[in-house]
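Below are the chains, spelled out letter by letter.
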Amino acid sequence: DAAKRVGDDYLTVDTAHMLAIVSEPGEALDWDLLGFRIVSESKQEKAGSWVGALSNNIAWTYHDIGDFATALSYFENGLEYRRSVGKEPGLRIARWAVARCKRSMGRYEEALAEQRAVMSEYFPDGTGVDGYLAEEIGECLLALDRRDESREFFTIAYEALSKDEWLVKNEGERLERLRRMGDEG
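Here the structure is a predicted model, which means the values were calculated and not measured. (Residues numbered from 1 in each chain as written. Predicted model: local features only at pLDDT ≥ 70, side-chain atom pairs only at ≥ 80, totals over all residues. Heavy atoms only, no water.)

### Things to note about the confidence of the model for the protein
Atom-level detail of predicted coordinates should not be read off regions where pLDDT is low. What counts, and what does not: Confidence scores here are pLDDT values: one per residue, from the predictor, ranging 0 to 100. A run of H or I in DSSP counts as a helix once it spans at least four residues, and a run of E counts as a strand once it spans at least two, with each numbered from the N terminus.
Put simply, the protein has an average pLDDT of 94, and 99% of its residues get 70 or more. When pLDDT is averaged over each element of the protein, helix H8 (residues 131-143) comes out on top at 97 and helix H1 (residues 2-5) at the bottom at 78.

Rendered as structure tokens:
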């Protein structure tokens, strides 16, 4: 309310974004959608810098509840924004997220093609591949029943992601699955 009173749309959206972070999922979506509406209606250029973050948050909320079509539209909106500003790593992550959502929609070939395009563009020599990217390529290959090919990517994903303390503490089963899939394919 204070940010609205002084007419600062950027701070108003920042407040809505922060409230979304500390709220339960249903309420968080309401805050993010409010922020998105303010950005969409704002004439203040600085407020527009929230489009990428809000699109991503809203998209993941819809993705998590299984509304993949709505999630994809927000992921694509975020990607369009990231392309317009050209900031990294946001652009790479936005491309990854669009492809990730397409995998959830069963559009495995499209998802795989985009993840491979991201890999060849950002990791052209094949080294230093991001663990999340490798995991997604492995998942797409697995979904396409290309187990032998998936093994290499699950191994890369496990090696990279098992160094992340938060994942080790909170996603042990996921990491164990990546290890197993790398061993077994």
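### Examining the pattern of salt bridges
Put simply, the rule reads: Salt bridge, as used here, is a side-chain nitrogen of Lys or Arg placed within 4 Å of a carboxyl oxygen of Asp or Glu. Relative accessible area decides the class of each residue, using a 1.4 Å probe on protein chains only: under 20% of the type maximum gives buried, over 50% gives exposed, and in between gives partly exposed.
Overall, the coordinates contain 15 salt bridges when judged by the stated rule. Close ionic contact of Glu135 with Arg174 constitutes a salt bridge, the shortest N to O distance being 2.6 Å. Taken as a pair, Glu135 in helix H8 and Arg174 in helix H11 (residues 172-184) lie far apart in primary sequence, 39 residues in all. With a relative accessible area of 8%, Glu135 lands in the buried category. We note a salt bridge from Arg179 to Glu176, for which the minimum N-O separation is 2.4 Å. Of the two residues, Arg179 and Glu176 are both situated in helix H11; the distance of 3 residues between them amounts to about one turn of the helix. Judged by its relative accessible area of 29%, Arg179 is partly exposed. Salt bridges sharing common partners tie together Arg95, Glu114 and Glu121.

### Observations regarding the nonpolar core
As a rule of thumb, soluble globular proteins bury nonpolar side chains together. Note the cut-off: Only buried residues count toward a nonpolar core, which is a set of Ala, Val, Leu, Ile, Met, Phe, Trp, Tyr and Cys residues joined through side-chain atoms within 4.5 Å.
Membership of the largest hydrophobic core comes to 43 residues, with the highest contact counts inside it found for Phe75, Met119, Leu133 and Ile137. Breaking this core down by element, the ones donating at least two residues are helix H3 (25-41), helix H4 (51-64), helix H5 (68-85), helix H6 (90-104), helix H7 (108-122), H8, helix H9 (147-161) and H11.

### Brief notes about the environment of Arg107
As a reminder of what qualifies: Here a residue-residue contact requires only that any non-hydrogen atoms of the pair lie within 4.5 Å. Throughout this description, a polar contact denotes any pair of N or O atoms lying within 3.5 Å of each other; where both atoms belong to protein, one of them has to be capable of donating a hydrogen while the other can accept it, and for residues adjacent in sequence the pair is counted only when both atoms sit in side chains.
Relative to the helices and strands, Arg107 is located in the loop between H6 and H7. According to the relative accessible area criterion, Arg107 is partly exposed, its value standing at 30%. Expressed as a C-alpha distance, the spacing of Arg107 and Ala143, which sit 36 residues apart in the sequence, is 9.8 Å. Excluding residues within four positions of it along the chain, Arg107 makes contact with Leu72 and Lys102. Engagement of the side chain of Arg107 in a polar contact is seen with the side chain of Glu110, the distance being 2.8 Å.

### What about unusual backbone geometry?
Omega for the peptide link from Glu88 to Pro89 comes to 5°, which places this bond in the cis form. By the element assignment, Pro89 lies in the loop between H5 and H6. Positive phi is not limited to glycine here, since Asp145 has a value of about 60°. Relative to the helices and strands, Asp145 resides in the loop between H8 and H9. Of the residues examined, Asp145 reaches a relative accessible area of 60% and is grouped as exposed.

### Regarding H11
As a reminder of what qualifies: What a helix is expected to span follows from its residue count: subtract one and scale by 1.5 Å.
Helix length check: H11, at 13 residues, gives a terminal C-alpha distance of 18 Å against a target of 18 Å (1.5 Å per residue), a fit within 8%. Those residues of H11 that are buried are in contact with H8, H9 and helix H10 (165-170).

### Brief notes about the packing of aromatic side chains
How we decide: For Phe, Tyr and Trp, where Trp contributes only its six-membered ring, two rings pair if their centres lie within 6.5 Å, and the inter-plane angle classes them as stacked under 30 degrees, edge-to-face over 60, or tilted in between.
All told, the structure shown has 5 aromatic pairs when counted by the stated rule. Between Phe36 and Tyr74 the ring centres are 5.4 Å apart and the planes differ by 75°, which places this aromatic pair in the edge-to-face class. Residue Phe36 is located in helix H3, and its partner Tyr74 is located in helix H5; the two are separated by 38 residues in the primary sequence. Arranged with centres 4.9 Å apart and planes meeting at 80°, the rings of Trp60 and Phe75 form a pair that is edge-to-face. Of this pair, Trp60 sits in helix H4 while Phe75 sits in helix H5, and the two are 15 residues apart along the sequence. Judged by relative accessible area, Trp60 falls into the partly exposed class, the value being 23%. On the basis of relative accessible area, Phe75 is assigned to the buried category, the value being 4%.

### Looking at the packing of H6 against H7
For the record, the criterion: Every axis in this analysis is a line fitted to C-alpha atoms, fitted for helices over the stretch in contact. Angles between the N-to-C directions lie between 0 and 180 degrees. Note on terminology: angles under 35 degrees are roughly parallel, angles over 145 are roughly antiparallel, angles of 65 to 115 are roughly perpendicular, and the others are oblique. If you view the pair so one helix is near and one far, a crossing is left-handed when the near helix is turned anticlockwise from the far one by less than a right angle, and right-handed when it is turned clockwise.
It is the contact of H6 with H7, at a shortest axis distance of 7 Å, that shows an interaxial angle of 160°. By the angle between their axes, H6 is roughly antiparallel relative to H7. Regarding H6 and H7, the two cross each other, and that crossing is left-handed. For the pair H6 and H7, the contacting residues are Leu91, Arg92, Arg95, Trp96, Ala99, Arg100, Lys102 and Arg103 in the first and Tyr108, Glu110, Ala111, Glu114, Gln115, Ala117, Val118, Glu121 and Tyr122 in the second.

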